[in-house]
Amino acid sequence: MILTYKVQGGDFSNAGKCSSEVKKVLKQLNIEPKIIKKVVIALYEGEVNIVAHAYHGVITVEIDTKQIKITLKDEGPGIPDIEKAMEQGYSTASPIVRELGFGAGMGLPNMKKNTDYMHISSQVNEGTEVILINYF
Amino acid sequence: MGVKLSDITNAVNGTVYACKEYLDDELEYAFSSDLMSDVLTIDKEDVILITGLNNIQTIRTCELAEIKYIIYARNKMINNDIIKLANENKILVIQSPYSVFKVSGILYNLGVKPIY
């Protein structure tokens, strides 16, 4: 099963809608609740990152019998130093993102914590691709 | 032993805005935060979130982190979008005139446990 969602940068009121829809699908598929929670929390942080930092992005969720693979691909400013971005507490988020309750430099570490595999590739001034995999 | 949500609502002088049918539920743990990423680190179920933040992301965060109860402190305005999303996701919404600090203290005295 493949699900695709478009995410608009700056659309803060809808941030999390994709994660919410994916959660509903995973529940319908009777996937273990613990795995659902981990997947949607990692996805939500990634979705908020697209809204907060990118111009627009596409989230693809591929579900098979062994794993859930999520690809978050955006067009945006990119991440100049991925290692630094992964540090707990490091953030380049704007004040508006912080007002929403995000932007404290916890997103990427939270995504890593909740997934079995995470890979980030990024080109400055082009965009970022994040791959998240959770195995069953 | 859990603490009943109706007792919590009375103790914080609370007004219920959504899902009052859950007032008979009991819970064991509370977490006070305005930082949603921090809320997303919680592993426990049956948690109540106490927050001073009043945007739609607080309910989204509860939905995705499986948190069924929320208290908005200091009479923060609860708009229709918050109520609608809370009803859709079966989240009990309580508004209290007290500060996050006072609400947290009251719940602690009632026997609600901290997470960290």
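Values in this document were obtained by computation on a predicted structure and should not be read as measured data. (Residues numbered from 1 in each chain as written. Chains lettered and ligands numbered in written order. Predicted model: local features only at pLDDT ≥ 70, side-chain atom pairs only at ≥ 80, totals over all residues. Heavy atoms only, no water.)

## Here we look at helix H3 (residues 56-65) of chain B
Think of an α-helix as turning once every 3.6 residues; residues three or four places apart then point the same way. Residue and element names in this part refer to chain B. Taking burial as the measure, the 10 residues of H3 include 10 buried ones, the bulk of the element. All of the buried residues along H3 are Ile 56, Gln 57, Thr 58, Ile 59, Arg 60, Thr 61, Cys 62, Glu 63, Leu 64 and Ala 65. Backbone nitrogen of Gln 57 and a side-chain oxygen of the N-cap are separated by 2.9 Å at the start of H3; the cap is Asn 55. Looking one or two residues beyond H3, the residue adopting positive phi is Glu 66, at roughly 60 degrees. (Buried < 20%, exposed > 50% of the residue type's maximum accessible area, 1.4 Å probe, protein only. Helix = DSSP H or I, 4+ residues; strand = E, 2+ residues; numbered from the N terminus. Polar contact = N/O pair within 3.5 Å; in protein donor to acceptor, adjacent residues only side chain to side chain.)

## Side note on the interface of chain B and chain A
Taken together, the contacts link 21 residues of chain B with 24 residues of chain A. For the pair chain B and chain A, the summed buried surface comes to about 1,800 Å²; carbon and sulfur atoms form 52% of the total. It is Leu 40, Gln 57 and Leu 64 of chain B in chain B that bury the most area against chain A; as a group they hold 36% of the surface buried on that side. A salt bridge links Lys 23 of chain A to Glu 66 of chain B, with the nearest nitrogen and oxygen atoms 3.0 Å apart. For the side of chain B that touches chain A, the elements supplying multiple residues, two or more each, are helix H2 (36-39) and H3 of chain B. At 7 residues, the largest contribution of residues to the side of chain B that touches chain A is made by H3 of chain B. (Contact = heavy atoms within 4.5 Å. Buried area = accessible area lost by both parts, 1.4 Å probe. Salt bridge = Lys/Arg side-chain N within 4 Å of Asp/Glu carboxyl O.)

## Notes on the sheet that holds strand E4 (residues 117-123) of chain A
Residue and element names in this part refer to chain A. Spatial strand order, E1-E2-E3-E5-E4: 5 strands in an open sheet with antiparallel pairing. Edge strands, defined here as strands with exactly one partner in the open sheet, are strand E1 (2-8) and E4. When the angles between neighbouring strand axes are averaged without regard to direction, this sheet yields 10 degrees. When E1 meets strand E2 (residues 56-63), the two strands line up antiparallel, connected through 7 bridges. Residue pairing in the sheet places Tyr 5 in a bridge with Ile 59 of E2. (Pairing = 2+ DSSP bridges. Axes fitted to C-alpha atoms, helices over the stretch in contact; angles between N-to-C directions.)

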